[in-house]
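Close look at the chain arrangement
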Amino acid sequence: MASTIRVRATSSGETTEVQALIQHPMDSGFIKDAKGETIPPHFIQQLTFEYDGKVVFAADWGGGVSKDPYVKFAFKGGKKGDDLKVSWVDSKGKTDTTTAKIL
Amino acid sequence: MTGKNNGFALPRRVILQGVASVALLGLGKIAFGAAPAFAANDKYPDEAFKQKSSDDAIKLLYGKTAEKSDKIKLDAPEIAENGAVVPIAVSSTLSDVTAIAFLVAENPNALVAAYKIPAGTMPSVANRIKMARTSNVIVVVEAGGKLYSTSKEVKVTVGGCGG
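Residues numbered from 1 in each chain as written. Chains lettered and ligands numbered in written order. Predicted model: local features only at pLDDT ≥ 70, side-chain atom pairs only at ≥ 80, totals over all residues. Heavy atoms only, no water.

Moving on, we come to the overall build of chain A. Across its full length, chain A carries zero helices and seven strands. Start at the N end of chain A and walk to the C end: the helices and strands fall as β-β-β-β-β-β-β. Within the span of chain A, comprising 103 residues, buried residues form 44% of the whole. Within chain A, contacts between residues separated by at least 24 positions form 56% of all contacts whose residues are at least 6 apart in sequence. For chain A, the exposed area adds up to about 5,400 Å²; of that, 50% sits on carbon and sulfur atoms. (Helix = DSSP H or I, 4+ residues; strand = E, 2+ residues; numbered from the N terminus. Buried < 20%, exposed > 50% of the residue type's maximum accessible area, 1.4 Å probe, protein only. Contact = heavy atoms within 4.5 Å. Areas by Shrake-Rupley, 256 points an atom, 1.4 Å probe, with all protein chains shown as cover.)

Listed below in C-alpha cells is the structure:
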C-alpha cells in the first residue's frame, strides 16, 4: 500500500534533520469549484513525529496549510538506521502512518 | 492578561506545569462547564483555528499576548506569485522554545499552523502556507513560558483561498 507520507530523515551525528511531504488535498472550506459550489473542508489537523517512543515534533494544522503539505524540522540525537514514526489525522478522521529509517 | 481569568484565558502551560494543576483544572471546569479541557496536550485546538482575528487565535492558543522580539528570524518572500503555496521558514535564538505558530492576518481564519517543540528539538520550522491576499505573516514563538512574535508583509499576486 502506497503511503501518503514521504519522509526523509538524515542524521549528521549530533542532530537529525527531517523533511516530510504528504499527499493531501488540504481543502480549507473557503474555495469554490468550477460550478461555484463550495468545496467542503478536508485537511490534516494533527501530524506527529516520534523517535524512540517520544514525540519529537507535533503539528496542529488548519485549512491554511498548502495542498500536499511540506514541513521541515530537526532534533538532537537520532541514530542512522533507527526508526522515525510519522502519523497524521485529518478533519474527516482519516489517518495514515509510516515509519522511516534515519539515513 | 492579569486578573479576569475566565477559564478560556488560563495559560495552558500553567495548567500543564503547575503544582496546583488539579486546582486550576477544577476552576476551569467550574467556570466553563462542559468547555473542552485545554490541558490535554494533544487535543486539537479547534476554536483557535476558527478565529478570524490573529490576536484572538493567539489568545486562545496560548492564553496570553505576544511581545515583539528581534530574536525570531522569519524567512518569507517579499512577493508571492502564487498565494496557494507560500514557503515560510522560522528560526529563533530564544532559549527554551516550546511552540511556534504561523498566522496570516488577512486569511479567513488567521491561524495556519501551530507546532509543539519538545525539549531537544530545534526552534526552527519550515512549511508552506496559503495566503488569500497580501497580508502580514505573523510568527509567534513560545519560549520560557513567555510569548514573542514577529511579522512580515508578503505581497500576493494571485490569492490562494479562491473567491
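Another point: the nonpolar core. In summary, soluble globular proteins display a tendency toward joint burial of nonpolar side chains. Of all hydrophobic cores here, the largest spans 68 residues; its most connected members are A:F49, A:W61, A:L84 and B:Y115. Sort the elements by how many residues they give to this core and strand β5 (residues 97-104) of chain B lands first, with seven residues. With sequence-adjacent residues up to four places away left out, A:L84 is seen in contact with A:V7, A:A9, A:V18, A:F49, A:E50, A:Y51, A:V56, A:F75, A:T98, A:T99, A:A100 and A:I102. (Core = buried A, V, L, I, M, F, W, Y, C linked by side-chain atoms within 4.5 Å.)

Attention now goes to the interface of chain A and chain B. If you look at the interface, chain A gives 30 residues, while chain B gives 31 residues. Here chain A meets chain B over a buried area of about 2,400 Å², counting both sides, of which 54% is carbon and sulfur. Area buried by chain A at its contact with chain B is led by A:F30, A:D60 and A:S66, which between them contribute 25% of it. Our count for the contact surface shared by chain A and chain B stands at one salt bridge. (Buried area = accessible area lost by both parts, 1.4 Å probe. Salt bridge = Lys/Arg side-chain N within 4 Å of Asp/Glu carboxyl O.)

Now for the side chain of B:N127. Turning to its location among the elements, B:N127 is positioned in strand β7 (residues 124-129). Of the polar contacts made by the side chain of B:N127, one reaches the side chain of B:Y115; its length is 2.6 Å. Excluding residues that lie within four positions of it along the chain, B:N127 makes contacts with A:Y70, A:V71, B:V86, B:P87, B:I88, B:F102, B:A113 and B:Y115. (Polar contact = N/O pair within 3.5 Å; in protein donor to acceptor, adjacent residues only side chain to side chain.)

Moving on to helix α4 (residues 54-62) of chain B. Turning to α4(B), its buried residues are B:S54, B:A57, B:I58, B:L60, B:L61 and B:Y62. Positive backbone phi, approximately 70°, marks B:G63, located one or two places after α4(B).

Turning to the sheet that holds strand β1 (residues 5-11) of chain A, a few remarks are in order. Strand order in the open sheet formed by six strands is β1(A)-β2(A)-β5(A)-β7(B)-β4(B)-β2(B), with antiparallel pairing between adjacent strands. The sheet is open, and its two borders are formed by β1 of chain A together with β2 (72-75) of chain B, each paired with just one other strand. Averaged over all pairs of adjacent strands, the angle between their axes in this sheet comes to 15°, without regard to strand direction. (Pairing = 2+ DSSP bridges. Axes fitted to C-alpha atoms, helices over the stretch in contact; angles between N-to-C directions.)

To continue, consider the pairing of strand β2 (residues 15-22) of chain A. Residues and elements named next belong to chain A. Of the two faces of β2, the one holding T16, V18, A20 and I22 is buried and the one holding T15, E17, Q19 and L21 is not buried anywhere. Note: β1 against β2, seven bridges, orientation antiparallel. From the neighbouring strand, I5 faces β2, where its bridge partner is I22. Between the end of β1 and the start of β2, which pair antiparallel, lie three residues, with G13 showing a positive phi angle near 105°. Alignment of β2 against strand β5 (residues 70-76), held across seven bridges, turns out to be antiparallel. Considered in β5, the bridge of V18 is made with F73.

A word on the pattern of salt bridges. Evaluated as defined, the whole model comprises eight salt bridges over all chains. B:K116 is paired through a salt bridge with A:D60; the nearest N and O atoms lie 3.3 Å apart. Placement of the pair is B:K116 in strand β6 (residues 111-116) and A:D60 in strand β4 (residues 54-61), with the two residues belonging to separate chains. Residue classification places A:D60 among the buried residues on the basis of a relative accessible area of 3%.

All names here are of chain A. Here the phi dihedral of D52 falls at roughly 55°; this positive angle occurs in a residue that is not glycine. Tracing the backbone shows D52 in the loop between β3 (44-51) and β4. With a relative accessible area of 64%, D52 lands in the exposed category. Positive phi, normally seen in glycine, also occurs at D68, with a value near 50°. Within the secondary structure, D68 is located in the loop between β4 and β5. According to the relative accessible area criterion, D68 is partly exposed, its value standing at 29%.

Mapped onto the fold, A:A59 is located in strand β4. The class of A:A59 is buried, set by a relative accessible area of 2%. For the pair A:A59 and A:I44, spaced 15 residues apart in sequence, the C-alpha separation works out to 9.6 Å. Apart from the residues within four sequence positions on either side, A:A59 is in contact with A:Q45, A:Q46, A:L47, B:A114 and B:Y115.

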